[in-house]
Amino acid sequence: MCGIVGYIGDKPAQPIVLDCLSKLEYRGYDSCGIAVSSSGIEVYKDAVRVGALRKALPKLDGTVGIGHTRWATHGEPSQVNAHPHCDCSGKITVVHNGIISNFQLLRRQLTAEGHNLISETDTEVIPHLIEKYYDGNLEEAVETALRDVEGSYAIIVLAAGEPKLVAARKDSPLIIGIGDRENFIASDVPAILDYTNRVIYLEDGDIGVVTTGKIKIKRDGKEVSRQEDKVLWSVKDAQKGGYEHFMLKEIHEQPKVIRDTLIGWVSVAESAVDLAAMRGGIESMLILACGTSYHAALIGKYIIEELLGIPVRVEIASEFNYYGQTLAKTVAIVITQSGETADTLKAMKKLKAVGCLVLAIINVVGSSASRIADHTLYTRAGPEISVAATKSFIAQLMVLYWLVISYSEVDARRLTDLITELRQLPEKVQQVLDNEDKIKEYASYLSKYENVFFIGRGINFPVALEGALKLKEISYIHAEGYAAGELKHGPFALLGEGTPIIAVVARDSTYQAMLSSIREVKARGSTVIVLAEEGDETIGELADLVITVPKVEAIFSPIVNTVALQLLAYYTAEERGCSIDFPRNLAKSVTVE
Ligand code: F6R
C-alpha cells in the first residue's frame, strides 16, 4: 500500500524523488517524507500530502535520495511515524512498504541492546538492525538484518557516505528503472514512467545494489542476472490528460480499453492453450478476487455457467484463505488489477499448494500474481491511477467474455451474434458516456442522501454491488448492493423517503421480477432511480427517474450498466466536494492482509 522511491544519478535528487512520489500517492497518502544524501543525510517528513511537503521543503543538495508515501498500518499518521525512518545516528535511512510481523520482538531486543526507537511503526526496527550489523559494508548489513525480519517488505536503504541505494523485496512489489547515468527504484511503474521505460522486476529474496552507472542484484549472497523489460505504457497513460480527476479520465477511456483488450485476443488465446487442452476435463471452477475484482468474478460466474455450463464457485480471497477448501482438479481463475493484493496472492499460493491450475487475469505486467499463476491473461486497461477501479473492471469483464466465448459450444449463429455484440461494445459504452449530463443531473439529486440501496438480479446483482461500492468509496454515502429479491427479508425496514433505491434492470429472465421489486419499494415510500434499456416504456411509467442505457444482449448489460453507475458515483462525489482520486483511508493496491 505505501509507495517507495529511490533515485541515484547526476541530477538533484529532491525534485525527481518528489515527482515520483506524487505519482505513487494512489498507494497511500496519510503522510510522506524524503531523505537526500550529500555531506550528511537530511530527512524531511510530515503527515501531509506530497504537494504540501514540496512547498515546505528547503532546497536539498544531493543526487541520491529516497521517498515514501504512507498508508498507515502501525501507528497513526503523524510526523514521527512517517518514513523515512533512521537508526540512532541518523546516518542510515529506510523507506518500507509491507509489514514486519515480528517487529515487537525485534524492538524489545534492539531497545535492550541500547537502540533508541522513537516511532510506533514496525519499519523502524529495520534501520536499527542495519546499524547493528553495519561494519562498513552496507549491502552485507542489509542482507544480515533482513535475516532477522519476518513479514513482507520492499525497502530502499540510503546511508551517509555510501554512494549507492540498497533495495530488497519479499512479498511487496519493487522495480528498478534503468536510466542514462541515473537509476531509479520504485514500488511500481507509473512512478518512474516520465524518466524511463526500461525496468527490472525484482524477485522475492532479491537484494539490489544500485549506483549511478551500475545495477547489481544478489540473492543468497550470490550475484544473479535479471532480465530487463520494456514497459509498453506511455507517459500520457499515467497523466490526467486535461480531466479534473484520474477517475473521470479512466471512465472515459473505457471504449478504448475495450478495443485494446479485444485486440489483445491473440496473446490471450496463446496463454489459454492449456485451458483448452483441459476443456472437457473441467468439472468445476473457482474464481477468487477482492473488491471490485470480486464483482467481476461474480459476473464471470454467470457468464461461465450460462455459456460453458460449468458450475462456478466465487470466493472473496481473504475469506478463502482461512476457510476455503478446494480440490486439485479445480481450475482457478484469480482476478486482480494490481497483481499485488496480499489476500489474493496468499489465496493463489494456497491454490498452487493443492495442485490447482491457476489462471490469472491481471492488469499490471510483471506483478507478483503473474509470477505465481500458471497462465496470465493481461487486461489492456493501461495504468489505473484512481483509487476507485473503473476501467480495469471493464477490461476484466472483456477478458472473461472473450475466454468464455472462445470455449463455449453454443451454436454458430449464437456465437456470431455474441461476437458481433462484443465488437459493438465500445460504441455502446460511448453512448453511455454521451449521456453524462443527464447522469450528472441525477447525481446532484442523489448527493443529498446519506443512505442508498442498489438492487439487481441475476447478472446485474454484482453490478448493484459494484455500483454501491463505487458510490460509498468516493462519495462517503452509505450504499448497499442487494439482490433485489433479498430486500424484503430485512432491509425493507430501512425503506422510506430518506432512502432512495437504484434499480439495475436488464431485459432478461429477471425483468418481470425486477418490476415487482420496484413496485414493492415504491410502495414503501422510497424514490426509485432505474437504470434501464432505452425504449423501455414500462419502466418509464414505474420509476421516479430513469437513466437509459443502450440496448445490448442481457449477458453484456453489466458493461453499459456499470459505466453509467461509475459516472453516477463520480458526479455524486463531485457534488459533495469529495477527494475523488484519493478517498479517505483508502489506497490502491492493498498489499497488507
Ligand atoms: C474499489 C477497488 C478495490 C480493488 C481491490 C482489489 O474501487 O479498487 O476494491 O478492486 O482492492 O484490487 P486488485 O484488483 O488490484 O486485486
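Everything here concerns the structure above.
Procedures and definitions
- Residues numbered from 1 in each chain as written.
- Predicted model: local features only at pLDDT ≥ 70, side-chain atom pairs only at ≥ 80, totals over all residues.
- Heavy atoms only, no water.
- Helix = DSSP H or I, 4+ residues; strand = E, 2+ residues; numbered from the N terminus.
- Contact = heavy atoms within 4.5 Å.
- Near = heavy atom within 4 Å.
- Polar contact = N/O pair within 3.5 Å; in protein donor to acceptor, adjacent residues only side chain to side chain.
- Areas by Shrake-Rupley, 256 points an atom, 1.4 Å probe, with all protein chains shown as cover.
- Nonpolar A, V, L, I, M, F, W, Y, C, P; charged D, E, K, R; others polar.
- Buried < 20%, exposed > 50% of the residue type's maximum accessible area, 1.4 Å probe, protein only.
- Axes fitted to C-alpha atoms, helices over the stretch in contact; angles between N-to-C directions.
- Parallel < 35°, antiparallel > 145°, perpendicular 65-115°, else oblique.

Colleague: Explain the environment of Leu-307 here, please?
Modeller: Structurally, Leu-307 is set in helix α10 (residues 291–307). Sequence separation between Leu-307 and Glu-574 is 267 residues, and the spatial gap between their C-alpha atoms is 39 Å. When residues no more than four places from it in sequence are discounted, the contact partners of Leu-307 are Val-404, Ile-405, Ser-408, Glu-409, Val-410, Arg-414, Leu-418 and Ile-555.

Colleague: Please explain the site of the ligand as it appears in this structure.
Modeller: By nearness alone, 15 residues border the ligand, and Ser-293, Thr-336, Ser-338, Thr-341 and Glu-473 come closest of all. A distance of 2.5 Å is found between an oxygen atom of the ligand and a side-chain nitrogen or oxygen belonging to Thr-341. In the complex, the protein chains occlude 88% of the 400 Å² of accessible area that the ligand would expose alone. Those elements that provide at least two residues to the shell around the ligand are α10 and α17 (461–475). Here the residues of the shell around the ligand sort into six nonpolar, seven polar and two charged.

Colleague: I tried to follow unusual backbone geometry on my own but got confused; where do I start?
Modeller: Peptide bonds are, in most cases, trans, and in most cases residues other than glycine have a negative phi. With an omega of 0°, the peptide bond running from His-83 to Pro-84 counts as cis. Even without a glycine there, the phi angle at Asp-220 is positive, about 50°. Structurally, Asp-220 can be placed in the loop between β13 (215–219) and β14 (222–224). For Asp-220, a relative accessible area of 71% translates into the label exposed. Phi angles above zero are rare outside glycine, and Ser-589 is one such case at about 60°. Inspection of the secondary structure assignment puts Ser-589 in the segment after α20 (557–575). Exposure remark for Ser-589: the relative accessible area of 9% places this residue in the buried category.

Colleague: How do you make sense of the packing of helix α14 (residues 391–407) against α20 when you look at a structure like this?
Modeller: Two numbers describe how α14 lies on α20: the axes approach to 11 Å, and their chain directions differ by 175°. One finds that α14 runs roughly antiparallel with respect to α20. Within the contact between the two elements, α14 uses Phe-393, Ile-394, Leu-397, Met-398 and Tyr-401 and α20 uses Pro-558, Ile-559, Thr-562, Val-563 and Gln-566. Looking at the contact of α14 with α20 residue by residue, the class counts come to eight nonpolar, two polar and no charged.

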